[in-house]
Amino acid sequence: LEQFAKPANMYFLFLMCLQTIPEVTVTGQIPTIAFPLVTVIVMNALKDALEDWRRHKSDREENEREVLAMENGKLKSRRWCDLHVGSMVVVRQNEYV
């Protein structure tokens, strides 16, 4: 459904619907534009899925990184995903945050 938020996809969907109306169609009620429309939508869906997978992989790698965190008055090495709101961490110069 996200693909139909794009005006071009909505336009071609509208044309496809018009191609099925006997009083309007010149294609014999066969939506000839359906295959190209479906192809574009599937390709965009695959591209979005690949981007989501890459983002998920990047987030997982980031959450597994180690950081020095203050715990009970002592510095301990912790993973980012194990920190909570209010956790105090050590940030050093030129360190990736």
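Residues numbered from 1 in each chain as written. Predicted model: local features only at pLDDT ≥ 70, side-chain atom pairs only at ≥ 80, totals over all residues. Heavy atoms only, no water.

Participant: Just to check I follow, could you spell out the nonpolar core for this structure?
Facilitator: In globular proteins that are soluble, nonpolar side chains generally tend to be buried together. The biggest cluster of nonpolar side chains holds five residues, and these are Met16, Ile33, Ala34, Leu37 and Ile41. Element by element, the count of residues in this core is highest for helix α2 (residues 34–63), at three residues. Excluding its chain neighbours within four sequence positions, the residues that come into contact with Ile33 are Phe12, Leu15, Met16 and Gln19. (Core = buried A, V, L, I, M, F, W, Y, C linked by side-chain atoms within 4.5 Å. Buried < 20%, exposed > 50% of the residue type's maximum accessible area, 1.4 Å probe, protein only. Helix = DSSP H or I, 4+ residues; strand = E, 2+ residues; numbered from the N terminus. Contact = heavy atoms within 4.5 Å.)

Participant: Please explain the pairing of strand β1 (residues 66–71) as it appears in this structure.
Facilitator: Summarising the sheet, β1 and strand β2 (residues 74–79) pair through six bridges and their orientation is antiparallel. Among the inter-strand pairings, Glu66 is bridged to a residue of β2, identified as Arg79. Hairpin connection between β1 and β2: a loop of two residues separates the two successive antiparallel strands, and Asn72 in this loop has a positive phi of roughly 55 degrees. (Pairing = 2+ DSSP bridges.)

Participant: Whenever I open this one, the packing of aromatic side chains confuses me. Can you help?
Facilitator: Aromatic ring pairs are described here by two measures, namely the spacing of the ring centres and the angle between the planes. One pass over the structure, following the stated rule, counts one aromatic pair. Aromatic pair Tyr11 and Phe12: ring centres 5.2 Å apart, planes at 70 degrees, arrangement edge-to-face. On the basis of relative accessible area, Tyr11 is assigned to the partly exposed category, the value being 48%. (Phe/Tyr/Trp six-rings, centres within 6.5 Å; stacked < 30°, edge-to-face > 60°.)

Participant: I tried to follow the packing of helix α1 (residues 7–18) against α2 on my own but got confused; where do I start?
Facilitator: Helix packing geometry: the angle between the two helix axes and the distance between the axes. The N-to-C vectors of α1 and α2 enclose an angle of 150 degrees; their axes lie 10 Å apart at closest approach. The orientation of α1 relative to α2 falls into the category roughly antiparallel. Once α1 is placed against α2, the crossing between them reads as left-handed. Contact with α1, carried on its side by Asn9, Phe12, Leu13 and Met16, involves Ala34, Leu37, Val40, Ile41 and Asn44 of α2 and no other residues of that element. Of the residues that constitute the contact of α1 with α2, the class distribution is seven nonpolar, two polar and no charged. (Axes fitted to C-alpha atoms, helices over the stretch in contact; angles between N-to-C directions. Parallel < 35°, antiparallel > 145°, perpendicular 65-115°, else oblique. Left-handed = near helix turned anticlockwise from the far one by under 90°. Nonpolar A, V, L, I, M, F, W, Y, C, P; charged D, E, K, R; others polar.)

Purely geometric stuff here, so don't read any function into it on its own.
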